[in-house]
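This is what each chain is made of:
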Protein chains: 2
Amino acid sequence: MATIGDVAQAAGVSRSTASYALSGKRAISADVRRRVEDAVRQLGYTPNAGARALATSQTMVIGLLAQFLEDEFAPAMLQYMLGVSNTARELGYDILLVSDADGTRALRRITDSRMVDGVVLLNVAERDERLPILRSAAQPGALVGLPADCTGVDVFDLDFEEAGRLMVDHLHRLGHREMALVSQPEHVIERGGAYVWRLQNAALEAARARGITLHTVSASSHQPDVGQDLSALLDTYPDVTGLLINNEAAAAALPTVLHQRGLTAPSDLSVVGRYSDEFARTFSLPYSSIESAPDRLGRMAVRQLVRRIEGDVAADEPHVVRFVTPELVDRGSTGVPRPA
Amino acid sequence: MATIGDVAQAAGVSRSTASYALSGKRAISADVRRRVEDAVRQLGYTPNAGARALATSQTMVIGLLAQFLEDEFAPAMLQYMLGVSNTARELGYDILLVSDADGTRALRRITDSRMVDGVVLLNVAERDERLPILRSAAQPGALVGLPADCTGVDVFDLDFEEAGRLMVDHLHRLGHREMALVSQPEHVIERGGAYVWRLQNAALEAARARGITLHTVSASSHQPDVGQDLSALLDTYPDVTGLLINNEAAAAALPTVLHQRGLTAPSDLSVVGRYSDEFARTFSLPYSSIESAPDRLGRMAVRQLVRRIEGDVAADEPHVVRFVTPELVDRGSTGVPRPA
DNA sequence: CTGAAAGCGCTTACAG
DNA sequence: CTGAAAGCGCTTACAG
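Reading the values: the criteria
Residues numbered from 1 in each chain as written. Chains lettered and ligands numbered in written order. Predicted model: local features only at pLDDT ≥ 70, side-chain atom pairs only at ≥ 80, totals over all residues. Heavy atoms only, no water. Least-squares fit on C-alpha atoms with pLDDT ≥ 70 in both. Contact = heavy atoms within 4.5 Å. Helix = DSSP H or I, 4+ residues; strand = E, 2+ residues; numbered from the N terminus. Buried < 20%, exposed > 50% of the residue type's maximum accessible area, 1.4 Å probe, protein only. Core = buried A, V, L, I, M, F, W, Y, C linked by side-chain atoms within 4.5 Å. Near = heavy atom within 4 Å. Polar contact = N/O pair within 3.5 Å; in protein donor to acceptor, adjacent residues only side chain to side chain. Salt bridge = Lys/Arg side-chain N within 4 Å of Asp/Glu carboxyl O. Phe/Tyr/Trp six-rings, centres within 6.5 Å; stacked < 30°, edge-to-face > 60°. Pairing = 2+ DSSP bridges. Right-handed = clockwise from strand over helix to strand, strands pointing away. Axes fitted to C-alpha atoms, helices over the stretch in contact; angles between N-to-C directions. Parallel < 35°, antiparallel > 145°, perpendicular 65-115°, else oblique. Left-handed = near helix turned anticlockwise from the far one by under 90°. Nonpolar A, V, L, I, M, F, W, Y, C, P; charged D, E, K, R; others polar. Arc of directions from axis to C-beta.

The name an unreviewed UniProt entry assigns to chain A is DNA-binding LacI/PurR family transcriptional regulator, from the organism Promicromonospora iranensis.

Listed below in structure tokens is the structure:
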């Protein structure tokens, strides 16, 4: 493989001149520039990334820490990954994908060894074990998901409180007085999946404030259990007229469940979900939903991360915690409640 | 960050001794080894990956080229990615994830700049534009998917011909005499998704040999179109008693379609799919299916790639083309045909 | 506008 | 069993 030395030799200049001609970091005569460029073309020269990283302390690589947990719905994770990956590439960065079960060790490994210039953490828990490691790392980090302690990192998340209120308000306004909220499995909450109870608590509070009944249930994140959970819910609360779904697997299972029971939305039951538009299309989900905006969140996280990496942000500039305002995408699955 | 120089100084030895003590590549006195190890611990030393890569010409990183094409079903791709990623990690390698729309440029970039020691290509087409680039790269490559020309690369794929025969034979043995095969959209074939017609041609041939009727149709890879395609198929061929599904989106949509039409498998219709067990669980698909084994294929590809990278394979050892034998996972969705 | 030199942090022949 | 030195391929002050 050709090196910058080969290029310099072919162009009849020094290595430093060749380097500067390529980087444009100092004035170069038109003639020399042309000779260098010709040499690059002829030799098929591409800089060695490792050597450049060593010289500049910049790898142009971003670490992406994804975790595929047994009790979460993998296809939903993919969307965040693609949002991060695509934005990174637009900004000139490559992605080191880390899907280790042990995220803490992996995070330490890639930061300590300087494989990455910065890190994006997906699926952040309330007390995420990866955070202390990230804080002590030399590289900046951006999170998708809100932890209890946000010091030292930039944080991006959907405003799940607002999402909960929005779901309740929307159905309340249509006249619903008894609804049920389907959340993730208990262990997601126990593990610190804060978004579950953030949405749930805000929904409960909104329901209380409006004097309406809101039942809350956890449902499995796996088929076919989740279908049975949904069926059980409808059996237990026959007077429910509105369903709020904060569980991707449940949303994917609902069409079949409703079919089996001969129910139609919105005439028998109003339904509002919380998932991405892409997810809705993939699974053909006909329900109005709060857009969870994974691509947008991934994009925001990478943008801010790159700003920090490239020093466009003063080192003492405070870290941000930014929420995406939930928006309801109307797919026509809500209406006035059926007569009692 | 501590360097090997700091470690050497703290241990009172030379840098080379420190390096050898850590690599174990030459005999070291017990005393020195201990002092070096203590220094490493105290300083929290981790080797700089870029520097090591420059010195050894080994990055310990594998490039993973995934493409998320508009007309393919993204969740299915994820499984291959995880198979590759997990196996790589077990073998000590990290994954550089490349999801660029323009796979050729990206491939050239990561190989020319020596960011990776080898490359895994996913979703390989009949005449894949990435292959010429891979062949001229310095690093070895492994494919998941069978191209027309396999020279210079190791290839792993499901035996789609055998899968097609297996599907037809299975239903034929149960007594079915008229079936339909649902394939991917036309443009997947046009783009060179050879697995589509490899399975289809073998199925057609098996049907001819046994004197039975096999209709073939392409269905969309998106909801809700695919559901309509399936409905149209059932309208067009009312005498079909067996359905072969080589299209993940169609498999995911089928339960709803059958429900709508009041059909049950296997009493009204026998169904055999082709997807992974993980996929079946995620989508709660109740159909017997040919296991597509994405995790196993990813694992095989990485294993062989690492053997080449690490030179466990003679440079002149011929490249392999290895097929995974399809196996039918019985989920009880096939039986004798309904009476005419 | 250009060149010679130092340095990034490792590994590994070469010498003893 | 250990050390001094060269080299991997870049970038970037320093000098002119």
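More follows now that the structure is in view.
Turning to the relation of the copies chain A and chain B, a few remarks are in order. Of the two same-sequence chains, chain A is brought onto chain B (RMSD 0.0 Å, axial shift 0.0 Å) by a rotation of 180°. Taken together, the rotation and translation relating the two chain copies correspond to the operation of a two-fold axis. Most of the interface of chain A is mirrored in chain B, where 100% of its interface residues are also at the interface.

Residues and elements named next belong to chain B. Mapped onto the elements of the fold, Thr325 is located in the loop between strand S11 (321–324) and strand S12 (328–329). With a relative accessible area of 53%, Thr325 lands in the exposed category. Sequence separation between Thr325 and Ala138 is 187 residues, and the spatial gap between their C-alpha atoms is 32 Å.

Moving on, we get to the nonpolar core. The biggest cluster of nonpolar side chains holds 92 residues, and the ones touching the most others in it are A:Ile62, A:Leu122, B:Ile62, B:Val120 and B:Leu122. Counting residues in each nonpolar core, the second largest holds 53 residues, with A:Val226, A:Leu230, B:Leu258 and B:Ala280 among its members.

Attention now moves to the protein's contact with DNA strand C. Surveying the vicinity of DNA strand C reveals 30 residues, the closest of which are A:Arg26, A:Ala27, A:Ser29, B:Ile4 and B:Arg15. The protein-proximal atoms of DNA strand C, defined as those within 4 Å of the protein, are 52% sugar or phosphate. The separation between a phosphate oxygen of DNA strand C and a polar main-chain atom of A:Ser14 is 3.0 Å. At a separation of 3.1 Å, a sugar or linking oxygen of DNA strand C approaches a polar side-chain atom of B:Tyr45. Breaking the surface near DNA strand C down by element, the ones donating at least two residues are helix H2 (15–23) and helix H4 (49–56) of chain A together with helix H2 (15–23) and helix H4 (49–56) of chain B.

Per the counting criterion, the structure on display carries 42 salt bridges over all chains. Across the pair A:Asp157 and A:Arg198 runs a salt bridge, and its minimum N-O distance is 2.9 Å. Pair noted here: A:Asp157 is in strand S5 (residues 154–158) and A:Arg198 is in helix H10 (residues 194–209), with a separation of 41 residues, a long-range link. The partner of B:Asp277 in a salt bridge is B:Arg331, with the nearest N and O atoms 2.8 Å apart.

What follows is about the packing of aromatic side chains. All names here are of chain A. Throughout the structure, instances matching the rule amount to 4 aromatic pairs over all chains. Taking the centre distance of 5.4 Å and the plane angle of 45° together, the rings of Phe160 and Tyr195 count as tilted. Of the two residues, Phe160 sits in helix H8 (residues 160–174) while Tyr195 sits in helix H10, which places them 35 residues apart along the sequence.

Another aspect to go through is the sheet that holds strand S7 (residues 213–218) of chain B. All names here are of chain B. On the basis of which strands lie adjacent, the open sheet formed by 6 strands has the order S7-S6-S8-S9-S10-S12 and mixed pairing. Whereas interior strands pair on both sides, the edge strands pair on one side only; in this sheet they are S7 and S12. Sheet analysis places strand S6 (residues 178–183) next to strand S8 (residues 242–245), joined by 4 bridges and oriented parallel. The residue bridging Leu181 from the neighbouring strand is Leu244, located in S8.

All names here are of chain B. As judged from the 4 bridges shared by strand S9 (residues 270–275) and strand S10 (residues 288–291), these two strands associate in the parallel manner. The residue of S10 that forms the bridge with Val272 is Ser288. Taking the sense of rotation as the criterion, the β-α-β connection linking S9, helix H13 (residues 277–282) and S10 turns out right-handed.

Residue and element names in this part refer to chain A. Packing of helix H1 (residues 4–11) against helix H3 (residues 30–43) brings their axes to within 8 Å, and their N-to-C directions diverge by 125°. Between H1 and H3, the angle falls in the class oblique. Crossing handedness for the pair H1 and H3: right-handed. Of H3, the residues touching H1 (which contributes Asp6, Val7, Ala10 and Ala11) are Arg35, Val36, Ala39, Val40 and Leu43. Residue composition of the contact of H1 with H3, grouped by class: 7 nonpolar, no polar and 2 charged.

All right, on to the protein's contact with DNA strand D then. The local shell around DNA strand D holds 30 residues, among which A:Ile4, A:Arg15, B:Thr17, B:Arg26 and B:Ala27 are the closest. A share of 51% is what sugar and phosphate atoms reach among the atoms of DNA strand D within 4 Å of the protein. Within the backbone of A:Ile4, an N or O atom sits 2.6 Å from a phosphate oxygen of DNA strand D. At 3.0 Å from a phosphate oxygen of DNA strand D is found a main-chain nitrogen or oxygen belonging to B:Ser14. Counting residues per element, the ones that place at least two in the surface near DNA strand D are H2 and H4 of chain A together with H2 and H4 of chain B. Residue contributions to the surface near DNA strand D peak at 5 residues, all from H4(A). Per-class residue counts for the surface near DNA strand D are 14 nonpolar, 10 polar and 6 charged.

All names here are of chain B. Thr17, Ala18 and Ala21 are the residues of H2 that are buried. Along the axis of H2, the buried residues cluster in a sector spanning 100°; they form a single face. Buried residues in H2 make contact with helix H1 (4–11) and helix H3 (30–43).

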